[in-house]
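Summary of structural features
As a plain string of letters, each chain reads:
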Amino acid sequence: RRKDLLIETRIEKMNNFLKRVITGAVFGVIILGSILWNFYSFALVLFAVNSIGLIEFYKLISNQDVNPLRIWGLITSVIIFITVVFLPDLPLSDHFMLLLFAYVVINLVFIIEIFRKQKKPFLNISTTLLGLIYVSFPLCAFILAANECRYDSPMQQYACNYLYYIPLGFFVIL
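Quick look at the structure, then.

Some remarks on the packing of aromatic side chains
Counting across every chain of the model gives nine aromatic pairs. On the basis of an interplanar angle of 70° and a centroid distance of 5.3 Å, the ring pair of phenylalanine 39 and tyrosine 40 is categorised as edge-to-face. A residue is classified by how much of its surface remains accessible, and tyrosine 40, at 40% relative accessible area, is partly exposed. Through successive ring pairs, a cluster of aromatic residues spans Phe42, Phe142, Phe170 and Phe171.

Brief notes about the pattern of salt bridges
This model, assessed by the stated rule, comprises one salt bridge. Between glutamate 113 and arginine 116 there is a salt bridge, with the nearest N and O atoms lying 2.9 Å from each other. Linking glutamate 113 with arginine 116, this pair stays in helix H4 (residues 92-116), spanning three residues, or about one helical turn. For arginine 116, a relative accessible area of 24% gives the class partly exposed.

Concerning the layout of surface pockets
Empty space within the largest pocket amounts to approximately 170 Å³. Contributing elements (two or more residues each) for the lining of the largest pocket: helix H3 (70-86), H4 and helix H5 (121-145).

A word on the side chain of threonine 128
Positionally, threonine 128 belongs in helix H5. With a relative accessible area of 0%, threonine 128 lands in the buried category. Apart from the residues within four sequence positions on either side, threonine 128 is in contact with Tyr58, Pro68, Leu69, Gly73 and Val109.

Examining a nonpolar patch on the surface
A contiguous nonpolar patch, built from Phe96, Met97, Leu100, Tyr103 and Val104 and spanning about 540 Å² of accessible area, is present on the exposed surface. Position of leucine 100 among the secondary structure elements: in helix H4.

Side note on the packing of helix H2 (residues 39-61) against H3
Here H2 crosses H3 at 160°, and the two axes come no closer than 10 Å. By the criterion of interaxial angle, the relationship of H2 to H3 is roughly antiparallel. As H2 packs across H3, the resulting crossing turns out to be right-handed. Residue-level inspection shows Phe39, Tyr40, Ala43, Leu46, Phe47, Asn50, Ser51, Leu54, Ile55, Tyr58 and Lys59 of H2 in contact with H3, the latter providing Arg70, Gly73, Leu74, Ser77, Val78, Phe81, Val85 and Phe86. Class assignment of the residues belonging to the contact of H2 with H3 gives a composition of 13 nonpolar, four polar and two charged.

About the cut-offs
Residues numbered from 1 in each chain as written. Predicted model: local features only at pLDDT ≥ 70, side-chain atom pairs only at ≥ 80, totals over all residues. Heavy atoms only, no water. Phe/Tyr/Trp six-rings, centres within 6.5 Å; stacked < 30°, edge-to-face > 60°. Buried < 20%, exposed > 50% of the residue type's maximum accessible area, 1.4 Å probe, protein only. Salt bridge = Lys/Arg side-chain N within 4 Å of Asp/Glu carboxyl O. Helix = DSSP H or I, 4+ residues; strand = E, 2+ residues; numbered from the N terminus. 1 Å grid on protein atoms, 1.4 Å probe; cavity = no way out; pocket = protein on both sides within 12 Å on 5 of 7 lines; lining within 4 Å. Points joined across faces, edges and corners; volume = space filled by probe spheres on them. Contact = heavy atoms within 4.5 Å. Patch = residues over 30% accessible without salt bridge, like charges linked within 9 Å, V, L, I, M, F, W, Y side chains within 5 Å. Areas by Shrake-Rupley, 256 points an atom, 1.4 Å probe, with all protein chains shown as cover. Axes fitted to C-alpha atoms, helices over the stretch in contact; angles between N-to-C directions. Parallel < 35°, antiparallel > 145°, perpendicular 65-115°, else oblique. Left-handed = near helix turned anticlockwise from the far one by under 90°. Nonpolar A, V, L, I, M, F, W, Y, C, P; charged D, E, K, R; others polar.

If you want it as structure tokens, here you go:
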């Protein structure tokens, strides 16, 4: 009886390990393919990682005392992510408006939390913004690192090149 239980436990651990290895290999192929394909496929995969990571972060940190603004944090993350991805494609005159919009959206976290009338509003605000700082900002910085942008004075817009070898080198080292 004990021997059978030990064998079943080993089989379950092996199945769990095999699932993780297969999942990791598939995810690795998806990331490598998106890096090598083009900038927007890379940004789309990072957007999915960002969204899933932020949802998991808010689930992990939520309890009876802490109640972050999950939906608004996710919306803010999406707006910041879209701003970072598409900012170089816009004319310089639209940059200020887009950055102002992202600034207003981040500040709405404070206003929404004040009107929620929770027990610990500052703790909720800080955990909402911590999710953005911990998950979204590093991924946005990674996207910015993969783009080489130069200001084109006659056209008054940025000319950007996707440097695939920067994220590829990062994942090879990782």
